[in-house]
Amino acid sequence: MDWLFMMSSVTACPLDCYDACEIVFENGRLKGLKNGYTQGFLCPHLNHFDKHEFIKKPRYNGREISIQEALAILKEMIKESQKDEILHYRGSGNFALMQEVTDHFFASYGATLTEGTLCDGAGEAGIEEGRGSNKNMPITEVAKSDVVIFWGRNPHTTSSHVLPLIKNKTVIVIDPVKTQIAKTADVHIQLKPHTDIFLAMLLSRFLHIENGCDEEFLEKYASEYEDYYELTQNIRIKAVLDQMDVSIGQLGDVLRLVKDKKVAIVCGVGIQKYSDGADVMRAIDAFAAMLGLFGKEGCGVSYLGSSRANIVSPFNKKSKKVSKVNTEFSDFKTVFIQGANPLSQMPNSTRVKETISKVRNIVYFGLYENETSEMANLIIPAKSFLYKDDIRTSYSHNKMSFMPKVAQSDIGISEYDLSAYLCREFGVELQSEEFYIKHFRNFAVQRIDGSWYVENREEIPYIDGFDTDDGEFAFLDELDSKVDEEGSMYLITCKSPTSLNSQFNRSEHVYLHSSLGFCEGELVTISSVDGSVSLRVKHNNDLREDCVLIYSGTRGVNNLTTKKHSLSAKSAIFQENKVEIRR
Ligand SMILES: Nc1nc2c(c(=O)[nH]1)N[C@H]1C(S)=C(S)[C@@H](COP(=O)(O)OP(=O)(O)OC[C@H]3O[C@@H](n4cnc5c(=O)[nH]c(N)nc54)[C@H](O)[C@@H]3O)O[C@H]1N2
Ligand SMILES: Nc1nc2c(c(=O)[nH]1)N[C@H]1C(S)=C(S)[C@@H](COP(=O)(O)OP(=O)(O)OC[C@H]3O[C@@H](n4cnc5c(=O)[nH]c(N)nc54)[C@H](O)[C@@H]3O)O[C@H]1N2
Ligand code: SF4
Ligand SMILES: [Mo]
């Protein structure tokens, strides 16, 4: 690696991750910043960041070229396409704010951008329906909680910096997988996947029956709670508990631990990878409302907030948009893909491959080789975060972290420099890089701990009620969800400890309970209504017997998933399809 060593500097991890760690870069080594939320440690992705081979040279139809040639070819591709034949598809490979500078060029030029999400959109829609906005309980608040409920969230894998904060607290885990946190939790409810809405509603119902609700809070901020209680009465307790594989005693255990306590419900994306994901999230929020958890210290629901909350983007130009979930790539002549691996990470890969193969000019602008670079005509290596100026925020806490260039490299080009070239060639106005970084910096304030935070992001949101029209929580008024029919197996496709979606060390296995009779190492075919994938088996008895686990980032996993949107948002629903296993 050609580091040009500089003094020790502080930067931040650019990855799409709750923790948004701050990093000390010293003599070519990356270490976690001791102060603040990073608490002096990083995760395996960043500890081994330089072990992963970057793309070093641009390529055009397999031939190595220079960056100047690559830019000239990109210019020709744009010139030979009508404006409405150009698509800018940007993923979340790097989560820092300057990634959006390319949006500025493509939107100003008249190209099409994407909308919707492969990630958290269904849950966010549910939160917005209930509260009128998605203001997140910053994860740092859990330090003040008595009880922490991890609901469809796997902190050892996806947000390990919360772990030091929950020592000696009561922990409840709701997850169909016996995750590492579940193994030491006070209560683990290993429910059947996609039954959380019933669990949340039954918890609300029994809380009400046992007079455990925060009535003062409810009268003031959620006065329709009696109607909601009535809705929960439509659930046939015994039959539904059987279907969920949960006992009434477990409901009692949860209620006993949370009553009159400071409770944080820490939700992940696991609960909402379904078409009714918004309703699931809203029912969990309703349980939080019944407990009166909003607007109080150490209490609340921590999900994925908007990392851009309270920041006005200078790059927010109007443009035509198509969905990121079921994009018809074949409608475009030139597709510019940045920080994304859609051929692996979008749902229904067979469809994605088919539609993208009809595109004349596929441009891939990224760091690593993958399924998308394999199909691209033009490959442009990006500079990694160490070699460019940037700034970032988090969707889990309120810090803003500066990311100055800490080393020099001749490899690749930054998003700003690529945009500056295109803006110059096509007569689009662009300010200096420094101007934009300063623009973002202006939304930060320094606090007494010396760290910078996004200005006016609340530590305790909803102190004065909700952001709905009447300031009250809007409960679900219909129950449209059903327990899935018995039969084929549930697909769990959660995050891997060794990869960040499709970056770094990607899993190559399917994980099954040993009692199913498949041998370790055996090749099996897993299929759904949308497609199939063949993978070797690894045993994992932390799974339920009715679950098939294939991590996000595994090649072929999205052959199995549907291109359908969730019902309330343009959000992907990776766990909607049931699957079968064949030898
Ligand atoms: N190591 C690592 N870290 C990551 C990522 C990564 O790929 N690898 N990705 C990053 C990104 S992009 C995101 S969005 C976050 C997501 O981070 P998390 O929110 O933690 O997401 P997942 O791992 O997808 O799912 C979390 C848990 O939900 C459980 N689950 C699945 N189905 C259900 C269900 O029906 N009900 C319930 N109650 N639980 C269910 C899974 O078993 C899993 O343990 O992680 C970020 N951090
Ligand atoms: N089956 C299944 N599918 C899923 C998920 C799941 O849980 N299961 N999770 C979904 C979720 S939550 C998400 S967020 C998406 C993520 O899906 P993607 O947004 O496609 O993210 P990655 O797989 O991380 O790939 C990102 C690419 O970005 C490039 N990159 C990294 N840094 C930079 C940079 O600085 N500049 C540029 N130009 N490129 C860079 C790398 O080359 C990398 O290959 O996947 C979704 N797909
Ligand atoms: S935990 Fe997340 S933010 Fe921290 S170093 Fe790892 S990937 Fe980056
Ligand atoms: Mo995500």
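Everything numeric in this text was worked out from a predicted model, so none of it was measured.

*Asks:* Sorry, what's going on with the overall build of the chain here?
*Replies:* When helices and strands are counted, the chain shows 17 helices and 28 strands. Taken against the 2.2 N^0.38 rule, which gives 25 Å for 583 residues, the C-alpha radius of gyration of the chain at 24 Å falls within 12% of a compact globule. Along the three orthogonal principal directions, the C-alpha set of the chain runs to about 70 × 60 × 45 Å. Within the chain, the fraction of its 583 residues that count as buried is 62%. Sequence separation of 24 or more characterises 75% of the internal contacts of the chain that already satisfy a separation of 6 or more.

*Asks:* Help me understand the packing of helix H7 (residues 196-209) against helix H9 (residues 225-232), please; the structure alone is not making it clear to me.
*Replies:* One can describe the packing of H7 onto H9 by two numbers: an axis separation of 9 Å at closest approach and a directional angle of 120°. Of the two possible hands of crossing, H7 and H9 adopt the one that is left-handed. Taken together, the residues of H9 that come into contact with H7 (itself represented by Met 201, Ser 204, Arg 205, His 208 and Ile 209) are Tyr 225, Glu 226, Tyr 228, Tyr 229, Leu 231 and Thr 232.

*Asks:* How do you make sense of the site of ligand 1 when you look at a structure like this?
*Replies:* Residues in contact with ligand 1 amount to 32 residues; listed here are only the nearest, Tyr 18, Asp 175, Asp 196, Ser 499 and Asn 501. At 3.1 Å, a side-chain N or O of His 45 approaches a nitrogen atom of ligand 1. Between a nitrogen atom of ligand 1 and a main-chain N or O atom of Thr 157, the distance comes to 3.1 Å. Across the shell around ligand 1, the residue classes tally to 13 nonpolar, 13 polar and six charged. Mapping the shell around ligand 1 onto the domain boundaries places at least three of its residues in each of domain 2 (121-302) and domain 3 (489-582).

*Asks:* I keep staring at the pairing of strand E16 (residues 378-381) and nothing clicks. Help me out?
*Replies:* The side chains of a regular strand alternate, residue by residue, between the two faces of the sheet. The two faces of E16 match: Leu 378 and Ile 380 on one face and Ile 379 and Pro 381 on the other face are all buried. Taken together, the two bridges between strand E4 (residues 59-60) and E16 define a ladder with antiparallel strand orientation. Directly across from Arg 59, in E16, lies its bridge partner Ile 379. Bridge count for strand E15 (residues 361-366) against E16 is four bridges, and the pairing is parallel. Note that in E16 the partner of Tyr 364 across the bridge is Ile 379.

*Asks:* Would you mind showing me how to read the nonpolar core here?
*Replies:* Membership of the largest hydrophobic core comes to 66 residues, with the highest contact counts inside it found for Trp 151, Leu 199, Ile 265 and Phe 475. Setting aside residues up to four positions removed in sequence, Phe 475 forms contacts with Leu 218, Ala 222, Glu 224, Tyr 225, Tyr 228, Arg 282, Ala 286, Ala 289 and Met 290. In this structure, Ala 107, Ala 111, Val 406 and Phe 504 belong to the second largest nonpolar core, which totals 50 residues.

*Asks:* Please explain the site of ligand 2 as it appears in this structure.
*Replies:* In the vicinity of ligand 2 there are 34 residues, among which Asn 341, Gln 345, Glu 415, Lys 495 and Ser 502 approach most closely. Within the contact set of ligand 2, an oxygen atom lies 3.1 Å away from a backbone nitrogen or oxygen of Tyr 368. A distance of 3.1 Å separates an oxygen atom of ligand 2 from a polar side-chain atom of Gln 503. In isolation ligand 2 has 930 Å² of accessible area, and contact with the protein removes 97% of it. When residues of the shell around ligand 2 are assigned to their parent elements, the largest contribution, three residues, is made by E15. Residue classes in the shell around ligand 2 are distributed as eleven nonpolar, 17 polar and six charged.

*Asks:* Can you walk me through the environment of Leu 378 in this structure?
*Replies:* As for its placement among the helices and strands, Leu 378 is situated in strand E16. Judged by relative accessible area, which is 0%, Leu 378 ranks as buried. Along the primary structure Leu 378 and Phe 504 are separated by 126 residues, whereas in three dimensions their C-alpha atoms are 22 Å apart.

*Asks:* What should I look at first to understand the packing of H7 against helix H11 (residues 248-258) in this one?
*Replies:* The description of two helices packed together rests on the angle between their axes and the distance between the axes. Taken N-terminus to C-terminus, the directions of H7 and H11 make an angle of 65°; their axes are 10 Å apart at the nearest point. Of the possible angle classes, the one that applies to H7 and H11 is roughly perpendicular. Crossing geometry of H7 relative to H11 is assigned as right-handed. Every residue of H11 that contacts H7 at Leu 199, Leu 202, Leu 203, Phe 206 and Leu 207 is listed here: Ile 248, Leu 251, Val 254 and Leu 255. Of the residues in the contact of H7 with H11, the class split is nine nonpolar, no polar and no charged.

*Asks:* Would you explain the domain arrangement of the chain in this entry?
*Replies:* Interface size is often expressed as the accessible area that is lost when the parts come together. For the chain, the domain assignment lists domain 1 (53-117 + 318-452), domain 2 (121-302) and domain 3 (489-582). Between the C-alpha centres of domain 1 and domain 2 the distance comes to 37 Å. With five residues of domain 1 in contact, the opposing surface of domain 2 contributes seven residues. Counting the surface domain 1 buries against domain 2, the share from its top three residues, Thr 117, Ser 396 and His 397, is 75%. Linking domain 1 to domain 2 there are zero salt bridges.

*Asks:* Mind showing me how you'd approach the packing of aromatic side chains here?
*Replies:* Describing an aromatic ring pair means giving the distance of the ring centres and the angle of the ring planes. Evaluation of the coordinates by the stated rule reveals 28 aromatic pairs. On the basis of an interplanar angle of 75° and a centroid distance of 5.4 Å, the ring pair of Phe 95 and Tyr 395 is categorised as edge-to-face. Within this pair, whereas Phe 95 is found in the loop between strand E6 (86-90) and helix H3 (101-109), its partner Tyr 395 is found in the loop between strand E17 (390-393) and strand E18 (400-403), the two being separated by 300 residues in sequence. Classification of Tyr 395 by relative accessible area gives buried; the value is 8%. On the numbers, 5.0 Å between centres and 75° between planes, the contact of Phe 105 with Phe 106 is edge-to-face. In textbook terms, an aromatic cluster arises when at least three aromatic residues are bridged by ring pairs, as seen for Phe 217, Tyr 221, Tyr 228, Phe 294, Tyr 462, Phe 466, Phe 473 and Phe 475. Between the NZ or CZ atom of Arg 441 and the centre of the ring of Phe 402, over which it lies, the distance is 3.8 Å. Lying across the ring of Tyr 490, Lys 578 places its NZ or CZ 4.5 Å from the centre.

*Asks:* How should I be thinking about the sheet that holds strand E3 (residues 29-32) in this particular structure?
*Replies:* The antiparallel open sheet is built from three strands, whose spatial order is E1-E2-E3. Of all strands in the sheet, those with a lone pairing partner are strand E1 (9-12) and E3, marking the two edges. Within this sheet the neighbouring strands show an average axis-to-axis angle of 35°, counted without direction. Pairing between E1 and strand E2 (residues 22-26): four bridges, direction antiparallel. If you follow Val 10 over to E2, its bridge partner there is Val 24.

Analysis parameters
- Residues numbered from 1 in each chain as written.
- Chains lettered and ligands numbered in written order.
- Predicted model: local features only at pLDDT ≥ 70, side-chain atom pairs only at ≥ 80, totals over all residues.
- Heavy atoms only, no water.
- Helix = DSSP H or I, 4+ residues; strand = E, 2+ residues; numbered from the N terminus.
- Rg over C-alpha atoms; globule rule 2.2 N^0.38 Å.
- Buried < 20%, exposed > 50% of the residue type's maximum accessible area, 1.4 Å probe, protein only.
- Contact = heavy atoms within 4.5 Å.
- Axes fitted to C-alpha atoms, helices over the stretch in contact; angles between N-to-C directions.
- Left-handed = near helix turned anticlockwise from the far one by under 90°.
- Near = heavy atom within 4 Å.
- Polar contact = N/O pair within 3.5 Å; in protein donor to acceptor, adjacent residues only side chain to side chain.
- Nonpolar A, V, L, I, M, F, W, Y, C, P; charged D, E, K, R; others polar.
- Domains from an automatic or database assignment.
- Pairing = 2+ DSSP bridges.
- Core = buried A, V, L, I, M, F, W, Y, C linked by side-chain atoms within 4.5 Å.
- Areas by Shrake-Rupley, 256 points an atom, 1.4 Å probe, with all protein chains shown as cover.
- Parallel < 35°, antiparallel > 145°, perpendicular 65-115°, else oblique.
- Buried area = accessible area lost by both parts, 1.4 Å probe.
- Salt bridge = Lys/Arg side-chain N within 4 Å of Asp/Glu carboxyl O.
- Phe/Tyr/Trp six-rings, centres within 6.5 Å; stacked < 30°, edge-to-face > 60°.
- Lys NZ or Arg CZ within 6 Å of the ring centre and 35° of its normal.

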